Amino acid sequence: PYRGIRTGRAFSTDIYDLTVDEVTGRVSIRDRRSDRIVLAGLRIIGVEESLEGGPSSFQPTGRTFECAVSRVELVESGEIRAVLEIEGRLLESPVYLRFRLFRGLDRIDVEAGIRWRTKAPLRVQVEFESGITGPEIHHGVPFGTDTPEWPSGQEPAGVSSEEVPV
């Protein structure tokens, strides 16, 4: 994609600064109080998987696919809350990331969605690096929430202690 004069957009609350690269769709979040990066390079990717191992045996082939960004828009901006949407495609599938920032709350809600239209066997991941030691991350599952927990030093293969898949 062509990178014009304006390459990114910045959004701020009293607690956080959120920056979006409009070409890559990568998002970074900085805590204004500590002047520290909380998240860097948050993005949606697809990891191709081999189906050679049979049912429930998925092995990465090594190929990854980036989300192609088509729109970055502030869809709501009020006294209490602001909502930012990033839309794009992961191969043939439309995807979105939605960020909800709240005034006075030490919290940012991130929602990811996909309308599956891709025939390729892909594992869809939201990846980012964290500037926080031992981050506390909660992710939603149908009808509830779940928090990933791994014994110290036993993170899944390919995941460093600075990366937490959601």
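Quick caveat, the model's predicted, so the values are computed rather than measured.

Parameters and conventions
- Residues numbered from 1 in each chain as written.
- Predicted model: local features only at pLDDT ≥ 70, side-chain atom pairs only at ≥ 80, totals over all residues.
- Heavy atoms only, no water.
- Helix = DSSP H or I, 4+ residues; strand = E, 2+ residues; numbered from the N terminus.
- Buried < 20%, exposed > 50% of the residue type's maximum accessible area, 1.4 Å probe, protein only.
- Contact = heavy atoms within 4.5 Å.
- Pairing = 2+ DSSP bridges.
- Salt bridge = Lys/Arg side-chain N within 4 Å of Asp/Glu carboxyl O.
- 1 Å grid on protein atoms, 1.4 Å probe; cavity = no way out; pocket = protein on both sides within 12 Å on 5 of 7 lines; lining within 4 Å.
- Points joined across faces, edges and corners; volume = space filled by probe spheres on them.
- Polar contact = N/O pair within 3.5 Å; in protein donor to acceptor, adjacent residues only side chain to side chain.
- Axes fitted to C-alpha atoms, helices over the stretch in contact; angles between N-to-C directions.

Undergrad: What should I look at first to understand the overall build of the chain in this one?
TA: Secondary structure assignment for the chain yields zero helices and twelve strands. Put simply, the chain runs from its N terminus to its C terminus through helices and strands in the order β-β-β-β-β-β-β-β-β-β-β-β. Buried positions account for 32% of the 166 residues belonging to the chain. Counted over contacts in the chain with a minimum sequence separation of 6, partners at least 24 positions apart contribute 37%.

Undergrad: Can you walk me through the pairing of strand β2 (residues 16-21) in this structure?
TA: On a regular strand, one side chain projects to one face of the sheet and the next to the other, so that they alternate. The buried count for β2 comes to five of six residues, which makes it a mostly enclosed element. Here β2 pairs with strand β3 (residues 27-31) via five bridges, running antiparallel. From the neighbouring strand, Leu18 faces β3, where its bridge partner is Ile29.

Undergrad: Explain the pattern of salt bridges to me, please; I cannot follow it from the model alone.
TA: Close approach of charged atoms allows side chains of opposite charge to pair. Inspection of every chain in the model, using the stated rule, returns 20 salt bridges. For the salt bridge of Arg71 with Glu73, the shortest nitrogen-to-oxygen distance reads 2.2 Å. On the accessibility criterion, Glu73 (35% relative accessible area) is partly exposed. Among the ionic pairs, Glu79 bridges to Arg103, the shortest N-O distance being 3.4 Å. One end of the pair, Glu79, is in the loop between β6 (68-77) and β7 (81-90); the other, Arg103, is in the loop between β8 (93-102) and β9 (108-114), and 24 residues separate them in sequence. Arg103 matches Glu79 in its accessibility class, with the two residues each being exposed. If you follow the salt bridges from partner to partner, you end up with Arg71, Glu73, Glu85, Glu87, Arg98, Arg100 and Glu111 in one network.

Undergrad: Would you mind going over empty space enclosed by the protein with me for this structure?
TA: Rolled over the atoms, a probe with the dimensions of a water molecule shows which regions are left empty. If you walk through the whole model with that rule in mind, you get one cavity of 30 Å³ or more. Considering only enclosed or pocket space, the largest cavity measures out at about 70 Å³ in volume. As for the largest cavity, its lining consists of Thr24, Gly25, Arg26, Arg43, Ile44, Cys67, Val69, Ile86, Val95, Tyr96 and Leu97. Tallying contributions element by element places β8 first for the lining of the largest cavity, with three residues.

Undergrad: Whenever I open this one, the side chain of Asp17 confuses me. Can you help?
TA: Examined against the element boundaries, Asp17 turns out to sit in strand β2. Given a relative accessible area of 13%, Asp17 falls into the buried group. One polar contact links Asp17 to Ser12, side chain to side chain, over a distance of 2.6 Å. At 2.2 Å, the side chain of Asp17 and the side chain of Arg30 are in polar contact.

Undergrad: Help me understand the sheet that holds β8, please; the structure alone is not making it clear to me.
TA: Hydrogen bonds between backbone groups are what pair the strands of a sheet, and the pairing can be parallel or antiparallel. Spatial ordering of the open sheet is given by β6-β7-β8-β9, a layout of four strands whose pairing is antiparallel. A single partner strand is all that each edge strand has here, and the edge strands are β6 and β9. Going from strand to strand, the sheet's axes swing by 15 degrees on average, the running direction of each strand aside. With seven bridges connecting them, β8 and β9 associate as antiparallel partners. Residue pairing across strands places Tyr96 opposite Gly113, the latter belonging to β9.

Undergrad: What should I look at first to understand unusual backbone geometry in this one?
TA: Excluding glycine, residues mostly carry a negative phi; peptide bonds, for their part, are mostly trans. One non-glycine residue, Asp35, lies in the positive phi region at around 55 degrees. For Asp35, the location among the structural elements is in the loop between β3 and β4 (36-50). One non-glycine residue, Leu91, adopts positive backbone phi at about 55 degrees. In this fold, Leu91 is placed in the loop between β7 and β8. A relative accessible area of 33% places Leu91 in the partly exposed class.

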